[in-house]
Amino acid sequence: MLTKFETKSNRVKGLSFHSKRPWILASLHSGVIQLWDYRMGTLIDRFDEHDGPVRGVHFHKSQPLFVSGGDDYKIKVWNYKLHRCLFTLLGHLDYIRTVQFHHEYPWIVSASDDQTIRIWNWQSRTCISVLTGHNHYVMCASFHPKEDLVVSASLDQTVRVWDIGALRKKTVSPADDILRLSQMNTDLFGGVDAVVKYVLEGHDRGVNWAAFHPSLPLIVSGADDRQVKLWRMNDTKAWEVDTLRGHMNNVSCVMFHAKQDIIVSNSEDRSIRVWDVTKRTGVQTFRREHDRFWILASHPEMNLLAAGHDSGMIVFKLERERPAFAVSGDSLFYTKDRFLRFYEFSAQKDTQVMPIRRPGSTSLNQSPRTLSYSPTENAVLICSDVDGGSYELYFIPKDSIGRGDSLPEAKRGPGGSAVFVARNRFAVLEKSNNQVLVKNLKNEIVKKSALPIAADAIFYAGTGNLLCRAEDRVVIFDLQQRLVLGELQTPFVKYVVWSHDMESVALLSKHAIIIASKKLVHQCTLHETIRVKSGAWDDNGVFIYTTLNHIKYCLSNGDSGIIRTLDVPIYVTKVSGNTIFCLDRDGKNRSIVIDATEYIFKLSLLKKRYDHVMSMIRNSQLCGEAVIAYLQQKGFPDVALHFVKDERTRFNLAIESGNIQIAVASATAIDEKDYWYRLGVEALRQGNAGIVEYAYQRTKNFERLSFLYLITGNIEKLSKMMKIAEVKNDVMGQFHNALYLGDVRERVKILENVGHLPLAYITASTHGLQDVAERLAAKLGDNAPSLPEGKTASLLMPRAPVMCSGDWPLLRVMKGIFEGGLDNIGRGAADEEDEAADGDWGEELDMVDVDGLQNGDVTAILEDGEVTAENEEEPGWELEDLELPPEADTPRASVNARSSVFVAPTPGMPVSQIWVQRSSLAAEHAAAGNFDTAMRLLSRQLGIRNFAPLRPMFLDLHTGSHSYLRAFSSAPVISLAVERGWNESASPNVRGPPALVFSFSQLEEKLKAGYKATTTGKFTEALRLFISILHTIPLIVVESRREVDEVKELIIIVKDYVLGLQIELKRREVKDDPVRQQELAAYFTHCNLQMPHLRLALQNAMTVCFKAKNLATAANFARRLLETNPTLESQARTARQVLQAAERNMTDSAQLNYDFRNPFVTCGATYVPIYRGQKDVSCPYCSSRFVPSQEGQLCTVCDLAVVGADASGLLCSPSQIR
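Fair warning: this is a prediction, and the values are worked out from it, not measured in the lab.

Draft legend 1. Structural view of the overall build of the chain. When helices and strands are tallied, the chain shows 32 helices and 61 strands. A buried classification covers 48% of the 1218 residues belonging to the chain. In the chain, the proportion of contacts linking residues at least 24 apart, taken out of those at least 6 apart, comes to 47%. Carbon together with sulfur atoms contributes 51% to the accessible area of the chain, which is approximately 63100 Å² in total.

Draft legend 2. Here's a closer look at the nonpolar core. Counting residues in hydrophobic clusters, the biggest one holds 88 residues, and the most contacted among them are Leu938, Phe1026, Ile1033, Tyr1181 and Cys1198. Ranked by the residues each element gives to this core, the list is headed by helix α28 (residues 1041-1069), at 10 residues. Val161, Ala210, Val264 and Leu296 belong to the second-largest nonpolar core, a separate cluster that totals 58 residues.

Draft legend 3. View of the sheet that holds strand β55 (residues 589-593). The strand order across the open sheet formed by three strands is β53-β54-β55, and the pairing between neighbours is antiparallel. Each edge of the open sheet is held by one strand with a lone partner, namely β53 (570-576) and β55. Mean inter-strand twist for the sheet, computed between neighbouring axes without regard to direction, equals 30°. Sheet topology note: the strand β54 (residues 579-584)/β55 ladder contains five bridges and is antiparallel. Among the inter-strand pairings, Ile580 is bridged to a residue of β55, identified as Ile592.

Draft legend 4. How the structure looks around the pairing of strand β37 (residues 418-422). Most of β37 sits inside the fold, with four of its five residues counted as buried. In terms of strand pairing, β37 meets strand β38 (residues 425-430) through four bridges, oriented antiparallel. If you follow Phe420 over to β38, its bridge partner there is Phe426. Counted along the chain from β37 to the antiparallel partner β38, the turn is two residues long.

Draft legend 5. Representation of the packing of aromatic side chains within the structure. Counting across every chain of the model gives 33 aromatic pairs. When the ring of Phe543 is compared with that of Tyr545, the centres are 6.2 Å apart and the planes differ by 15°; the resulting orientation is stacked. Residue classification places Phe543 among the buried residues on the basis of a relative accessible area of 0%. Tyr545 sits in the buried class, given a relative accessible area of 0%. Ring pairing ties together the aromatic residues Trp23, Phe47, Phe59, Phe66, Trp78 and Tyr80, which thus form one cluster. Here the guanidinium or amino end of Lys13 rests over the ring plane of Trp294, the centre of that ring lying 4.0 Å away. Above the plane of the ring of Tyr495 lies Arg322, whose end atom (NZ or CZ) is 3.7 Å from the centre.

Draft legend 6. Structural context of empty space enclosed by the protein. With the rule as written, the count across this model stands at two cavities of 30 Å³ or more. Looking at the largest cavity, its volume works out to about 100 Å³. Lining the largest cavity are Lys4, Tyr38, Arg39, Met302, Leu304, Lys317, Arg531, Leu548, Pro569 and Arg585. Grouping the constituent residues of the lining of the largest cavity by class yields five nonpolar, no polar and five charged.

Draft legend 7. Seen up close, the sheet that holds strand β20 (residues 227-233). Taken in spatial order, the four strands line up as β18-β19-β20-β21 in an open sheet, and their pairing is antiparallel. The sheet is open, and its two borders are formed by β18 (207-212) and β21 (238-245), each paired with just one other strand. Between one strand and the next, the sheet's axes are offset by a mean angle of 20°, whatever the strand orientation. Where β20 meets β21, seven bridges bridge the pair, whose relative direction is antiparallel. Its bridge partner lying in β21, Lys229 is registered against Thr243.

Parameters at a glance
Residues numbered from 1 in each chain as written. Predicted model: local features only at pLDDT ≥ 70, side-chain atom pairs only at ≥ 80, totals over all residues. Heavy atoms only, no water. Helix = DSSP H or I, 4+ residues; strand = E, 2+ residues; numbered from the N terminus. Buried < 20%, exposed > 50% of the residue type's maximum accessible area, 1.4 Å probe, protein only. Contact = heavy atoms within 4.5 Å. Areas by Shrake-Rupley, 256 points an atom, 1.4 Å probe, with all protein chains shown as cover. Core = buried A, V, L, I, M, F, W, Y, C linked by side-chain atoms within 4.5 Å. Pairing = 2+ DSSP bridges. Axes fitted to C-alpha atoms, helices over the stretch in contact; angles between N-to-C directions. Phe/Tyr/Trp six-rings, centres within 6.5 Å; stacked < 30°, edge-to-face > 60°. Lys NZ or Arg CZ within 6 Å of the ring centre and 35° of its normal. 1 Å grid on protein atoms, 1.4 Å probe; cavity = no way out; pocket = protein on both sides within 12 Å on 5 of 7 lines; lining within 4 Å. Points joined across faces, edges and corners; volume = space filled by probe spheres on them. Nonpolar A, V, L, I, M, F, W, Y, C, P; charged D, E, K, R; others polar.

Rendered as structure tokens:
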């Protein structure tokens, strides 16, 4: 049993599948009817109007209706689109057990505990027939799928078959009058619409269920006597064929399977049983722990069943429907109906190869699960669940393809899964002891390999490699070397699909797709709500996959989308161009043509194939908000512009991509204040003063306009703005404009006009307008304000602009990848050639003409129109075309070469570009100003991720390798590259590498300074010096291999000092924790220090431990100190005294995390010992060691690299590359 969906709820008494949608109705003992989407696993709706249990429910075949019947004696007809009950049918006098729509007529049949069966017309909403005859509760009643029959089961121990032919004739209006008359008589005087055709007796107890076979004249029934009976009928009689025994309690429901010759029954004994109709034997049993089963339902179209029990329901399949298949080049091998078949993709030809499974094994799920093919040996491995998992090896005779009749003998063996791993070797998984057996084609074991994980399946992963699957991970295992090549945590993987080049793999689980590289390095994960069914890689490296109802695609960066919807699930076998080849559930080969434009477009964007993108934009109908949003999200708003017609969206995209022209056009079309404002902001950002002015004028934003004129120095327009403000009676605007213009008289006038006489007086006085001041003082009289004494006023006078600025000068840049191509659609290439002719190559030469006129004069005359019309009539130069052969075409360049017109030389390659192309050294890339490649190189070589400390050095390298010359004032500054190792004999055309400001000798000087600072105890200063050495080494370049070794040695020396000094500074911080202080002092003595520094560290550790009464540990440090033969007598004397004191009492008062007998290194982040044999991770640059939990963190010693990152190693000399 394959459970597809399960619910937890009250007891389920009625179930019904929808014929088209993935829905199921469940009616509960609590009175609720639930509508579930079993594909998505979601509750869509609930209907809650019945009083008491609802025992029967049924969907209409074509209308949006369903019917329900309950213990409240009511039959309700519902419309699920309107989410409500349409009407209620009343008539039954007791509980209603089942309800069912007729497949053709507007009828409902209902069975009730009032011992009757009623047939209702749901259109006229009346009862049209009552079937009486049972003398106990009627437990179920249903229409025959094709004939005018009803079958019913009752607790009176009988099954009855009713003929309702008369009812149909009565409903269908008769054609001639005599028949209509006879029908009126039966209506008037009473006639029988339904008659009992057969009464089937044979059960010893009440019968709970009876059902017709969909096509054969068979009936199956289940009863409280725990038996399932099979009955056959003909036109005249019905009889019992057989009894199926096995249930331990009342049989609740029983039915024929629509697609297979089986009966499914369920019972209160908590089991579902499957029976073979032809052999009449039990095939399989499925049990639940605690729940009794009550009802079964089958899907009208698909191979799905549902069963309701005490605590919910399950939707399930009895068998897998996925055909086993393997693709090899242009061919597909697959299994169908016990045959191996062969399909050729190119010819689309399907042939039967040979029979496989022995006929007669009837148990379910014995069909092949997987198929593996070896093209060279023409052999097929088929795995199935027979006997708990087994495989069969077949050899396909060359001549048998197409005949498919001979039955070859297969080599068999037990094993969970088997796959070919080489031309003539296959691997079989032995789950019991978790090993793989490699066998040859004679089925003999060649080799055994234990697996690194508890695998429950194996898949092919390239020659000699296996992909092993466990519950939560997959690993790639090399069978030859018995090594794990890659590991990845995943949800439970069901299928594995390799790309054509075996570089990528897609791992398909139930609801997720993981794309990884061949070493299982994770690339992306996609989650699906609906089950994933299959997938294949197309020729471009896009993964095409199917869910239950969609074909979708996935790109390597995780972008995905829907290609098309599906009516029925399919299994993709191959993708070729825009054709998908697939198998359906019936094992038929199908090809589906898809529109690949969308994902090819996204792929081209991803791979930066902009020429493809261009041609697709021109030629295809790619449009829609999804594409626009995608382009916007990926940073191509300028491309999105070419798809959009809606002005508002165009405006937003134009603003985002900085395309002012389109933004102006859209803003004009929209003409809303907000859009003009946003246009103004963007135009101001670009320095396009004309557009800003236009935008402010459109929105009548006079204040901003005035300020714009002020900062662009447009005095003339500012004075106009002042007049406009005066006309509009805007006093503040007028005053501001006067202030911007520096027009003091105007300001005084404005203040006076509005009655601010004191302010007007002060303004006039401070600005020296004595005549005006005196006039105002007379007006004010005694109220004239006094000016402060002894202070010089600083006047609000704006500077006079030197020139009126226009738009900002814009740099000439290359056209965007798309702009040229998109704007010139339809324009010929000829235009482009012409444009080059009048490019801005500098000033024109004043070439004197034959007649002594200069070029300028000629144009002046032409412009003035002084050339008379007579000239037009003159014949001019009489040049005739020469009829030359086509071979005589000469290249244009030679003509230009001889002509006297100046042509600028083509610029050479910049030196910085030459440096970058020639070098793999990060320092030289930084010197060339190519910081991003320098950072990439450092990241790859040394695992560096934190570039902040290197920033000043990058800038120093760049400025240090360039010099700048000033030719004369109006010419731009000329940049010169400064090269390393230049001498006079060097060739002028050969560029040397860049001069670098950092050298190895500088570092040696710094090292000595660091040693000195350490000796004098200036630890912070010493640490700064050592760290700066570590930060400079990645940007050092040396010449010889010997120097490379010295640089690497320097890293190790400096790293130990940095770590040691960090530990010592940390020790000084933790004053309140004496144990930690002792530990840190002890670790400091294990750093690789110079002898004088080691003695000081040992003396320090000895003192700290002795003071803390840890005498044994202090004695160890004293012993080590004496072993170094200290030159200072004071050191030796102290050490001897400590040893003597300790020998009297060789104990430690506190336990330290320190064992000097066991060699260790200190973790650079947590400062704890990592003893020999313990796992650790290291920094790829400075090689400091860390505890495993620090993996992925920034190294605390060098502050540059990521702990545990992959790196190729330090590259600091050209000699390493040669």
